[in-house]
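# Close look at the chain arrangement
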Amino acid sequence: MLQINIHNETSRLRAVVLGTAESNGPTPAIDEAYDPKSLEHIKAGTYPVEKDMLKEINAIDAVFQKYDVKVYRPNLIENCNQIFTRDIGFVIGDTFVKSNILPDRELELEAIQYVLDEMNPLKVVRPPEEVHIEGGDVMLWNDYIFVGTYKGGDYKDYITARTNLQGVAYLKETFPNKIVKEFDLVKSKIEARDNALHLDCCFQPVGKNKGIIYKNGFREEADYEFLVGLFGKENLFHIEREEMYHMFSNVFSIDDNVVVSERNFTRLNNWLRDNGFIVEEVPYAEIAKQEGLLRCSTLPLIRD
């Protein structure tokens, strides 16, 4: 049996589900775009092609092999984008939560059923239908569960709003021993530079006490100030609007001193090294065109 265990974002990684770019399907039509960044690239004719994305995913797979991480891959669905495994579920403690995702992505969850079958069935849960929640909005920090949400009354009008307040309530109810703290995120249907699709688009912890943050990703300054108070301003790497657009906060930790990052994130990667991190640089700029990066394409199952 697979003994899943996740309590934070940075402890030593032992097992992960890594997305696949194989048989990724044709470039979506304009009206099929899930987010403003994909839309931008569809319109510009620069939407990523499969062979480039395969190279990028293989690069992160190679890093996992180097660190002796057990890697699961989704079963292949023909002509389906299966890169972003983070959206379809997440682990809190010893429990796997299946996400209620956009309905046409349901097949992606079925593609990892063989992994779920290795788990204790009593520890695999699915929230009720009215609960919207995606893994990119759920971040564990020891006693805390940080949750990205959108509190605007026009929630249903935003395809970029992925986790609702019922999702926050569900986590509070299901994990009563954790402190659930929600963050109201800035959303845009048309401008990717002003759209925090998930919490990991504007914040992510690294190491034992540091983090990467984009202040303007939060609708309420108090939410930003909460994180500054928790981590300390000197421990936070503040990213700019353009860096947020390129997804600087969407790196992925293999250990509390090892971070996988995009090779073009020079300013961030230098800061990480200056702070004692080993930075494993990979090319990921093509996949990033779909408003997802390293954290989005990984679903951690076991950390020490």
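The paragraphs below set out a description of the structure included in this document.

About the thresholds
- Residues numbered from 1 in each chain as written.
- Predicted model: local features only at pLDDT ≥ 70, side-chain atom pairs only at ≥ 80, totals over all residues.
- Heavy atoms only, no water.
- Helix = DSSP H or I, 4+ residues; strand = E, 2+ residues; numbered from the N terminus.
- Rg over C-alpha atoms; globule rule 2.2 N^0.38 Å.
- Buried < 20%, exposed > 50% of the residue type's maximum accessible area, 1.4 Å probe, protein only.
- Contact = heavy atoms within 4.5 Å.
- Pairing = 2+ DSSP bridges.
- 1 Å grid on protein atoms, 1.4 Å probe; cavity = no way out; pocket = protein on both sides within 12 Å on 5 of 7 lines; lining within 4 Å.
- Points joined across faces, edges and corners; volume = space filled by probe spheres on them.
- Nonpolar A, V, L, I, M, F, W, Y, C, P; charged D, E, K, R; others polar.
- Phe/Tyr/Trp six-rings, centres within 6.5 Å; stacked < 30°, edge-to-face > 60°.
- Lys NZ or Arg CZ within 6 Å of the ring centre and 35° of its normal.

Helices and strands together make up the secondary structure of the chain, namely eight helices and 15 strands. Taken over the C-alpha trace, the chain has a radius of gyration of 18 Å; the compact-globule value for 304 residues is 19 Å, and the two agree within 12%. Overall, the chain is about 45 × 45 × 45 Å in size when its C-alpha atoms are taken along their principal axes. Relative to its 304 residues, the chain shows a buried fraction of 62%. Considering only contacts within the chain whose residues lie at least 6 apart along the sequence, 75% involve residues at least 24 apart.

Of note, aspartate 68 is a non-glycine position whose phi angle comes to about 60°, a positive value. Within the secondary structure layout, aspartate 68 lies in the loop between α2 (50-66) and β2 (70-72). By relative accessible area, aspartate 68 is classed as exposed at 62%. Non-glycine residue asparagine 79 carries a positive phi angle of around 55°. Tracing the backbone through its elements, the reader meets asparagine 79 in the loop between β2 and β3 (89-92).

Quick look at the sheet that holds strand β4 (residues 95-98) now. The strand order across the open sheet formed by three strands is β3-β4-β5, and the pairing between neighbours is mixed. At either margin of the open sheet sits one strand with a lone partner, and together these are β3 and β5 (124-125). Summarising the sheet, β3 and β4 pair through four bridges and their orientation is antiparallel. By the bridge assignment for β4, glycine 89 is matched with lysine 98.

Glancing now at empty space enclosed by the protein. For the structure shown, the criterion picks out two cavities of 30 Å³ or more. Here the largest cavity defines a volume of roughly 90 Å³. Lining the largest cavity, in full, are Ile6, Asn8, Glu9, Arg86, Phe90, Val91, Val138, Met139, Leu140, Arg295, Pro300 and Arg303. For the lining of the largest cavity, the elements supplying multiple residues, two or more each, are β3, β6 (138-141) and β15 (298-303). Counting residues per element, the lining of the largest cavity draws most heavily on β6, at three residues. Taken together, the residues of the lining of the largest cavity sort by class into seven nonpolar, one polar and four charged. What the second largest cavity holds in volume is close to 40 Å³.

For the rest of this paragraph, the subject is the packing of aromatic side chains. Enumeration over the complete set of coordinates arrives at 12 aromatic pairs. Between phenylalanine 64 and phenylalanine 252 the ring centres are 5.9 Å apart and the planes differ by 85°, which places this aromatic pair in the edge-to-face class. With phenylalanine 64 in helix α2 and phenylalanine 252 in strand β12 (residues 252-255), this pair connects stretches of sequence that are 188 residues apart. According to the relative accessible area criterion, phenylalanine 64 is buried, its value standing at 0%. Their ring planes at 25° and their centres at 4.1 Å tell us that phenylalanine 248 and phenylalanine 265 sit as a pair that is stacked. Remark: phenylalanine 265 occurs in the loop between β13 (258-262) and α8 (266-274) and phenylalanine 248 occurs in the loop between α7 (241-245) and β12; sequence separation between them is 17 residues. There is no split in this pair, since phenylalanine 248 and phenylalanine 265 are both buried. One aromatic cluster is present, built from ring pairs that chain together Trp141, Tyr144, Phe146, Phe183, Phe203, Phe218, Phe226 and Phe231. The ring of phenylalanine 183 has lysine 181 lying over it, and the distance from NZ or CZ to the ring centre is 5.3 Å. Seen from the ring of phenylalanine 226, lysine 181 lies directly overhead, with NZ or CZ sitting 5.0 Å from the centre.

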